[in-house]
Amino acid sequence: MKPSPYGLFFLTNNRTYIPEMRCVNLFTHYQPTSLEQWVEALYSQLGITSPAQLNMTNLAAKLHIWIYSMDMNSMAIEKDGLFSINVDRRLSVKEQWEDFLHELCHVLRHSGNQMVMPDRYVDWQEQDASAFQLYAAIPMSMLKKLSLPEHKNEIVAFLSEEFQVTYRLANERIEQIQRRVLQGILDHEYQQFSQGQVRTYDSANWSDATRAIMNKLEHLKRKGGMADRQASRLL
């Protein structure tokens, strides 16, 4: 396979195609969403800059949210302007953290009782919370600072431990990043192609044959315009 000029590592179950030392260029073409930028701004405002600060106790304290654990599904609750999050204690520690982030999104970004909401609105809130969960669990600002292994399974395992998330979530985040990078490269290539097309049709780049044809077309256009004006005078 021909090496990519972008330093992109396409992860497979075997090896990455591009050496690790070139992975730094990966983030050049990564395109964050508005939600991801919102999460990054939130962490910046709270002074959260390292994976070690990503835990329920720290986030809840900074956001003035009460957390508790019971043998029931995780959920966010609001009463009299005060927010609390129940985290299902039957889950593993990593699963509890992920559930907390999901519910945290509901606290920070959503309103209303899902029990009486239209299904479409509930679906949107759940999709938003799932996306928030990925961005908040493995922030790009922190990921950029890490030196990643070469194999995909090693990268996922490394992120799982570094950010204390499940292997499933780490794998989902990596695959999401791949899609974003690919889209960024395609957008860049299309822009370059479009600019190249504009330069190609610049009259300064025309060959003698092209210039002769274009001059003839311009002559015919002018001749046709004169004939139209003569015809209009006869009407």
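Model, not experiment: these values are computed from the prediction.

Focus on the overall build of the protein
Consideration 1: Across its full length, the protein holds eight helices and three strands.
Consideration 2: Listing the helices and strands of the protein from first to last along the sequence gives α-α-β-β-β-α-α-α-α-α-α.
Consideration 3: For the protein, the residues scored as buried account for 37% of the 235 residues in total.
Consideration 4: In the protein, of all internal contacts separated by at least 6 residues, the share reaching a separation of at least 24 is 52%.

Structural notes on the packing of aromatic side chains
Both the distance between ring centres and the angle between the ring planes are used here to describe each pair of aromatic rings.
Consideration 1: In total, this model carries three aromatic pairs according to the counting rule given.
Consideration 2: Stacked on the ring of Trp38, the Lys or Arg Arg109 has its end atom at 5.0 Å from the ring centre.

Re the pattern of salt bridges
Consideration 1: The final tally for this structure, using the stated rule, is nine salt bridges.
Consideration 2: A salt bridge links Glu36 to Arg173; the shortest N-O distance between them is 2.9 Å. Taken together, the residues Glu36 in helix α1 (residues 34-46) and Arg173 in helix α7 (residues 167-200) connect sequence positions 137 residues apart.
Consideration 3: Glu36 gets classed as buried once you look at its relative accessible area, which sits at 1%.
Consideration 4: When the shortest N-O distance is used, the salt bridge between Arg90 and Asp88 registers 2.9 Å.
Consideration 5: Here the salt bridges share partners, and the residues they tie into one network are Glu36, Arg173 and Arg180.

Quick word on unusual backbone geometry
Consideration 1: The phi dihedral of His64 is positive, around 60 degrees, even though this residue is not glycine.
Consideration 2: Mapped onto the elements, His64 comes out in the loop between α2 (56-63) and β1 (66-70).
Consideration 3: For His64, a relative accessible area of 70% corresponds to the exposed category.
Consideration 4: With a phi angle near 55 degrees, Gln164 is a residue other than glycine that sits in the positive phi range.

Describing the sheet that holds strand β2 (residues 75-79)
Consideration 1: Strand order across the open sheet formed by three strands is β1-β3-β2, with mixed pairing between neighbours. The sheet terminates laterally at β1 and β2, the two strands that pair on one side only. This sheet shows a mean twist of 25 degrees between the axes of neighbouring strands, independent of strand direction.
Consideration 2: Summarising the sheet, β1 and strand β3 (residues 82-88) pair through five bridges and their orientation is parallel. Residue Ser69 lies in a different strand from β3, and its bridge partner there is Val87.
Consideration 3: Against the sheet, helix α3 (residues 93-109) touches β1, β2 and β3, its axis set at about 155 degrees to β3.

Focus: the nonpolar core
Consideration 1: Counting 44 residues, the largest nonpolar core has Tyr43, Leu59, Phe100, Leu101, Leu104, Ile138 and Leu159 as its most contacted members.
Consideration 2: Where this core is concerned, the elements lending two or more residues are α1, α2, β3, α3, α4 (119-137), α5 (140-143), α6 (152-162) and α7.
Consideration 3: Not counting residues within four places of it along the chain, the set of residues in contact with Leu159 comprises Ile138, Leu143, Leu146, Leu148, Gln164, Val165, Ala170 and Ile174.

Comments concerning the environment of Pro149
Consideration 1: Checked against the element boundaries, Pro149 lands in the loop between α5 and α6.
Consideration 2: If we ignore the near neighbours within four places in the chain, the residues touching Pro149 are Glu154, Ile155 and Phe158.

Calculation notes
- Here, residues in each chain are numbered from 1, in the same order as that chain's written sequence.
- With pLDDT at 70 or above as the cut-off, local features in this predicted model cover only qualifying residues; side-chain atom pairs require 80 or more to be listed or tallied, and sums for whole chains, interfaces and linings still use all residues.
- Only hydrogens and water are set aside; all other atoms, that is, all heavy atoms of the structure, feed into the side-chain values.
- Numbering of helices and strands runs from the N terminus, with a helix taken as a DSSP run of H or I at least four residues long and a strand as a DSSP run of E at least two residues long.
- A 1.4 Å probe rolled over the protein chains alone gives each residue an accessible area, and that area as a share of the maximum for its type sets the label: buried under 20%, exposed over 50%, partly exposed in between.
- Contacts are residue-level and defined by heavy atoms, with any inter-residue pair within 4.5 Å sufficient.
- The pairing test for Phe, Tyr and Trp rings, Trp by its six-membered ring, is centres within 6.5 Å, and the orientation test on the planes gives stacked under 30 degrees, edge-to-face over 60, and tilted for anything in between.
- To sit over a ring, a charge needs its Lys NZ or Arg CZ within 6 Å of the ring centre and within 35 degrees of the ring normal.
- The term salt bridge refers to a side-chain nitrogen of Lys or Arg lying within 4 Å of a carboxyl oxygen of Asp or Glu.
- Two strands pair if DSSP finds at least two bridges between them.
- Here, axes are lines fitted to C-alpha atoms. For helices the fit covers the stretch in contact, and angles between N-to-C directions go from 0 to 180 degrees.
- We call a set of buried residues a nonpolar core when its members are Ala, Val, Leu, Ile, Met, Phe, Trp, Tyr or Cys and they connect through side-chain atoms within 4.5 Å of each other.

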